[in-house]
Amino acid sequence: MSELNRDVLYLIIKELQNDKKALVSCLLVNKVFCETTVPILWENPWKFLTLLKKYKKMLLKVIISHLSDESRNNLNKQNLLINSYQRPLFNYIGFCKHLNFDIIQKVINTIKKKSEIPLIKNEIFKLFINENMKFTHLYIPKHFDYQINFVVAKQCLSEIKFFNCSTNIDDNVLMGLIEICKSIKELELCFLVHEYHNNGIGRLIETQKNLFSVSLIDYYYPTLSFDETIQNALIKHSSTIHYLNITQPPIKLLSSFVNLKVLELNDKRQVDFSWNYSLPHLQILRVKFFSEKALIDLIKSTNGSLIEIKFDYCNNWFRSLEVIQAIHQSCPYLKYLKLVITDGNILEFEKIEKILINCSYLSVLYIVAELIYGWDVLLEILTKSSSANLFKFKFRIIFSGPSDPTPLKLFFDNWKGKRPILLSFDKKVSVRMEDLLKEYEAKGIIKNYNNNLCDDNDGFDLCF
């Protein structure tokens, strides 16, 4: 086989950037694969780091091995570092595009002697903040007190596209970032009680040229809405913001984002309010907690534009029926649906059947249920009313899954002649039904099945 062009190989391996096992395998193929994979793996090395202390210590050793001779000498003068750290084969740190001070600090904090941490931290931070680095992602944790040298940082932070910080960010750091960072496209703000630097954060938001993604995370719920200064700054970007993730319902903000395409809601207070606004371009709606009354009106306000809906909760059975009804009446182009079933009663199943009939583009159905008493009824409805597009199913039964294989066997038998199913159960059901699933996989009724429960990767996510 002729040698793959390195550029082509890079593009192939780049598609595996979130698959740790695949990347490790690529490292072991040969020299070319290794040299191509290392930059991809180290672009954001923090995402693969586990919470185990031993792995943090291993990463700390790798980081220290990159320190300059000057930094080593500074530490050796304080008897803080022995010259046993060999230079690595690659300049791993040079490949890093994500500057995550939160994780870097946690890695440094694994040092046993706490008195040594300040000096070592200073040298490590200088390793990352210098004119030879170029970052695209920046994460600043709460109570971050390191004074960044922005004369040096101007080169490495001027192209930041993603920024995550808390609202208690140090004033000097914030002012420096306002001067340097003008191209932030994705912003994540974590609000802390009574620790808002509103004016500075508002100025940072206003100075951005093409902000399109915003996450406003406030788990303390100190007020009924986010600060007006920040809201007003975001409204100035209302024409370009396409993604919004919020934990409170700031009506003024939501009503301004008429070009919004993705909305994620997680308001655990679930305060009821009226939704009298339109989001005509909204395509994706993901809800963990929210006012069900407002949610029903929100779905109706999209004018049929939704193609993906994910619900992770349901507290009110009657409102659940209303939500399902709003979907089958207002979402004709829906392709992906995740629903939580409260009781598994016939009325819920009838509403789901209407979704199957009216939403003919639906290709992925993910059902979460506490208990399914009418398991056989649900499967019968899926067999009878699923369109030719629907062949991907995922089921998660929280308390008890089906123990009788007969309804599932009947479902597979009746599915014969249709497009082979992609199927995902929670692990306990998959183990219980493994022989049956293997049997129908061999018959070609099931194309593939798994027990993947990670909601960030349902196994069937749509690509946009």
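Treat the numbers as computed from the prediction; the structure is a model and nothing was measured.

Analysis parameters
Along every chain, residues carry numbers that run from 1 in the direction the sequence is written. Predicted model: local features are reported for residues with pLDDT of at least 70 only, side-chain atom pairs are reported and counted for 80 or more only, and whole-chain, interface and lining totals are derived from all residues. Note that water and hydrogens are dropped before the side-chain values are worked out from all heavy atoms of the structure. Confidence scores labelled pLDDT are given residue by residue by the predictor and lie between 0 and 100. Under the scheme used here, helices are H or I runs from DSSP no shorter than 4 residues and strands are E runs no shorter than 2 residues, and both carry numbers assigned from the N terminus. Residue contacts are defined here by distance: any two heavy atoms, one from each residue, within 4.5 Å place the two residues in contact. Take a side-chain nitrogen of Lys or Arg and a carboxyl oxygen of Asp or Glu: if they are within 4 Å of each other, that pair is a salt bridge. Think of it in three bands: with a 1.4 Å probe and only protein chains considered, a residue is buried below 20% of the maximum accessible area for its type, exposed above 50%, and partly exposed in between. We call two N or O atoms a polar contact when they sit within 3.5 Å, provided that within protein one can donate a hydrogen and the other can accept it, with sequence-adjacent residues counted only if both atoms are side-chain atoms. Definition used in this section: a nonpolar core is a set of buried Ala, Val, Leu, Ile, Met, Phe, Trp, Tyr and Cys residues joined via side-chain atoms within 4.5 Å. Strands are treated as partners if at least two bridges between them are detected by DSSP. Handedness of a crossover is defined as follows: with both strands directed away from the viewer, a clockwise route from the first strand across the helix to the second makes it right-handed. Here the term patch refers to residues with relative accessible area over 30% and no salt bridge, with like charges joined within 9 Å and nonpolar side chains (Val, Leu, Ile, Met, Phe, Trp, Tyr) within 5 Å. For the area figures, the Shrake-Rupley method with a 1.4 Å probe applies, and any residue is considered shielded solely by the protein chains shown. Note on charges: Lys and Arg go in the positive column, Asp and Glu in the negative column, and His and the chain ends are not counted at all. Positions of charges follow a simple convention, taking NZ of Lys, CZ of Arg, CG of Asp or CD of Glu. Each axis is a line fitted through C-alpha atoms, and for a helix only the stretch in contact is used; angles between axes span 0 to 180 degrees, taken between their N-to-C directions. What sets the label is the angle itself: under 35 degrees gives roughly parallel, over 145 gives roughly antiparallel, 65 to 115 gives roughly perpendicular, and the rest give oblique.

1. Considering the confidence of the model for the chain
So, step 1. Of the residues in the chain, 84% have a pLDDT of 70 or more, and the chain-wide mean is 83.
So, step 2. Mean pLDDT per element in the chain: helix α18 (residues 427-432) is the minimum at 73, and strand β2 (residues 137-139) is the maximum at 96.
So, step 3. Of the regions scoring below 50 in pLDDT, residues 455-464 engages in 29 contacts with residues more than four places distant in sequence or in other chains.

2. Remarks on the side chain of Ser238
So, step 1. Mapped onto the elements, Ser238 comes out in the loop between α11 (228-235) and β6 (243-246).
So, step 2. If we skip the residues at most four places from it in the chain, Ser238 touches Ser256, Phe257 and Asn259.

3. Some details on the pattern of salt bridges
If the charged atoms of two oppositely charged side chains come close together, the side chains can form a pair.
So, step 1. The final tally for this structure, using the stated rule, is 15 salt bridges.
So, step 2. Arg87 serves as the salt-bridge partner of Asp69, at 2.8 Å between the closest nitrogen and oxygen. Of this pair, Asp69 sits in helix α5 (residues 69-77) while Arg87 sits in the loop between α5 and β1 (98-100); the two residues are 18 residues apart in sequence, bridging distant segments of the chain.
So, step 3. On the basis of relative accessibility, which here comes to 52%, the residue Asp69 falls in the exposed class.
So, step 4. Accessibility expressed as a relative area gives 44% for Arg87, which makes it partly exposed.
So, step 5. One network of salt bridges, in which partners are shared, links Arg6, Lys31 and Glu35.

4. Considering the environment of Thr36
So, step 1. By the element assignment, Thr36 lies in helix α3 (residues 31-43).
So, step 2. Assessed through its relative accessible area of 7%, Thr36 is described here as buried.
So, step 3. A C-alpha to C-alpha distance of 7.4 Å links Thr36 and Leu9, two positions 27 residues apart in sequence.
So, step 4. Not counting the four nearest positions on each side in its chain, Thr36 is found in contact with Leu9, Tyr10 and Ile13.
So, step 5. Side-chain polar atoms of Thr36 contact the backbone oxygen of Val32, separated by 2.7 Å.

5. Regarding the nonpolar core
So, step 1. Counting residues in each nonpolar core, the largest one holds 135 residues, and the members touching the most others are Phe163, Leu177, Ile327 and Phe412.
So, step 2. Look past the residues within four positions of Leu177 in its chain and what remains in contact with it is Leu138, Ile140, Phe150, Leu157, Phe163, Ile169 and Leu204.
So, step 3. If you look at the next biggest cluster of nonpolar residues, it comprises 5 residues, including Tyr336, Val340, Val364 and Val368.

6. Quick notes on unusual backbone geometry
So, step 1. Backbone geometry at His143 places phi at a positive 60 degrees, although glycine is not the residue there.
So, step 2. Note that His143 resides in the loop between β2 and α8 (150-157).
So, step 3. In this structure His143 comes out as exposed when scored by relative accessible area, which is 53%.
So, step 4. One non-glycine residue with positive phi stands out, namely Asn303, at about 55 degrees.
So, step 5. Here Asn303 is to be found in the loop between α13 (292-301) and β9 (308-311).
So, step 6. Judged by its relative accessible area of 58%, Asn303 falls in the exposed class.

7. Examining the environment of Glu322
So, step 1. Mapped onto the elements, Glu322 comes out in helix α14 (residues 317-330).
So, step 2. Relative accessible area serves as the criterion here: at 29%, Glu322 is assigned to the partly exposed category.
So, step 3. For Glu322 and Lys293, which are 29 residues apart along the polypeptide, the C-alpha to C-alpha distance reads 8.9 Å.

8. Considering the pairing of β9
So, step 1. Residues Glu308 and Lys310 line one face of β9 and the alternating positions Ile309 and Phe311 line the opposite face, and both faces are buried.
So, step 2. Sheet topology places strand β8 (residues 284-289) next to β9; 4 bridges connect them, and they run parallel. When the sheet's bridge partners are listed, Ile284 is paired in β9 with Glu308.
So, step 3. After leaving β8, the chain enters α13 and then returns to the sheet as β9, a path that is right-handed.
So, step 4. Where β9 lies against strand β10 (residues 336-341), 3 bridges are found, and the strand directions are parallel. From the neighbouring strand, Glu308 faces β10, where its bridge partner is Tyr336.

9. Thoughts on a positive patch on the surface
So, step 1. A cluster of basic side chains, namely Lys53, Lys57, Lys61, Lys112 and Lys114, defines a positive patch on the protein surface.
So, step 2. Turning to its location among the elements, Lys112 is positioned in the loop between α6 (101-108) and α7 (117-128).

10. A few points about the packing of helix α4 (residues 53-64) against α6
So, step 1. Packing of α4 against α6 brings their axes to within 8 Å, and their N-to-C directions diverge by 100 degrees. By the angle class used here, α4 and α6 are roughly perpendicular. Residue-level inspection shows Lys56, Leu59, Leu60 and Ile63 of α4 in contact with α6, the latter providing Lys106, Val107 and Ile108.

11. Here's the deal with the pairing of β10
So, step 1. Among the 6 residues of β10, 6 are classified as buried, and the element is accordingly described as predominantly covered.
So, step 2. Alternating residues of β10 divide into Tyr336, Lys338 and Val340 and Leu337, Leu339 and Ile341, and every residue in both groups is buried.

12. Overview of the side chain of Ser213
So, step 1. Along the chain, Ser213 turns up in strand β5 (residues 213-217).
So, step 2. Under the relative-accessibility criterion, Ser213 is labelled buried at 7%.
So, step 3. Sequence-distant contacts of Ser213, that is, excluding residues within four places in its chain, are made with Lys185, Glu186, Leu187 and Tyr243.

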